[in-house]
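One letter stands for each residue in the lines below.
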Amino acid sequence: MLTIVTPVLNGRKYIEHTIESIQKLKIPFEHIVVDGGSRDGTIELVKRFPQTKLLHQTKKTGMYGAIHQGFLESKGEYITWVNCDDVVV
């Protein structure tokens with residue numbers, strides 16, 4: 001299984017397309033979104049996708065701290081990250 005971690009902070013404008021593109025994968029995966037304290041509706045949007053696991057960043061250590069936190073929670077044999085304004089094709 002593949003784990004995909006997405007760090008985000010106030011990325012509501014982009015993250016919906018990111019999540020939708022990941023959900024089209026034809027392989028087993030888990031998607032973990034690690035939010036760094038968004039205040040623009042990002043959290044509410046991510047919650048509309050129940051198959052996406054939402055974590056709240058425990059320490060304000062920036063993007064790479066969020067990625068690391070997601071990696072620690074992953075269950076996949078393979079792990080990667082996709083930024084909140086990227087898409088998987």
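Residues numbered from 1 in each chain as written. Predicted model: local features only at pLDDT ≥ 70, side-chain atom pairs only at ≥ 80, totals over all residues. Heavy atoms only, no water.

## A few points about helix α3 (residues 62–73)
- Between the first and last C-alpha of α3 there are 17 Å, a value that for 12 residues agrees with the 16 Å anticipated at 1.5 Å per step.
- Among the residues making up α3, those that are buried are Gly-65, Ala-66, Ile-67, Gln-69 and Gly-70.
- Of the surrounding secondary structure, the elements contacted by the buried residues of α3 are β1 (2–8), β2 (29–35), β3 (52–56) and β4 (78–81). (Helix = DSSP H or I, 4+ residues; strand = E, 2+ residues; numbered from the N terminus. Expected span 1.5 Å × (residues − 1). Buried < 20%, exposed > 50% of the residue type's maximum accessible area, 1.4 Å probe, protein only. Contact = heavy atoms within 4.5 Å.)

## As for the pattern of salt bridges
- For the structure on display, the rule yields two salt bridges.
- In this structure, Arg-48 engages Glu-16 in a salt bridge whose closest nitrogen and oxygen atoms are separated by 2.8 Å. Remark: Glu-16 occurs in helix α1 (residues 12–23) and Arg-48 occurs in the loop between α2 (42–46) and β3; sequence separation between them is 32 residues.
- Looking at Glu-16, the relative accessible area reads 25%, which means it is partly exposed. (Salt bridge = Lys/Arg side-chain N within 4 Å of Asp/Glu carboxyl O.)

## Some words on a nonpolar patch on the surface
- Taken together, the side chains of Met-63, Tyr-64 and Trp-81 make up a nonpolar region of the molecular surface, amounting to roughly 340 Å² of accessible area.
- By the secondary structure assignment, Trp-81 is in strand β4. (Patch = residues over 30% accessible without salt bridge, like charges linked within 9 Å, V, L, I, M, F, W, Y side chains within 5 Å. Areas by Shrake-Rupley, 256 points an atom, 1.4 Å probe, with all protein chains shown as cover.)

## Quick look at the sheet that holds β4
- Strand order in the open sheet formed by four strands is β3-β2-β1-β4, with parallel pairing between adjacent strands. The two strands at the open ends of the sheet, each matched to only one other strand, are β3 and β4. Adjacent strand axes in the sheet meet at a mean angle of 25°, parallel and antiparallel pairs treated alike.
- As paired strands, β1 and β2 are joined by seven bridges and run parallel to one another. Bridge assignment links Ile-4 to a residue of β2, and that residue is His-31.
- Packing against the sheet, α3 makes contact with β1, β2, β3 and β4, and its axis sits at approximately 150° to β1. (Pairing = 2+ DSSP bridges. Axes fitted to C-alpha atoms, helices over the stretch in contact; angles between N-to-C directions.)

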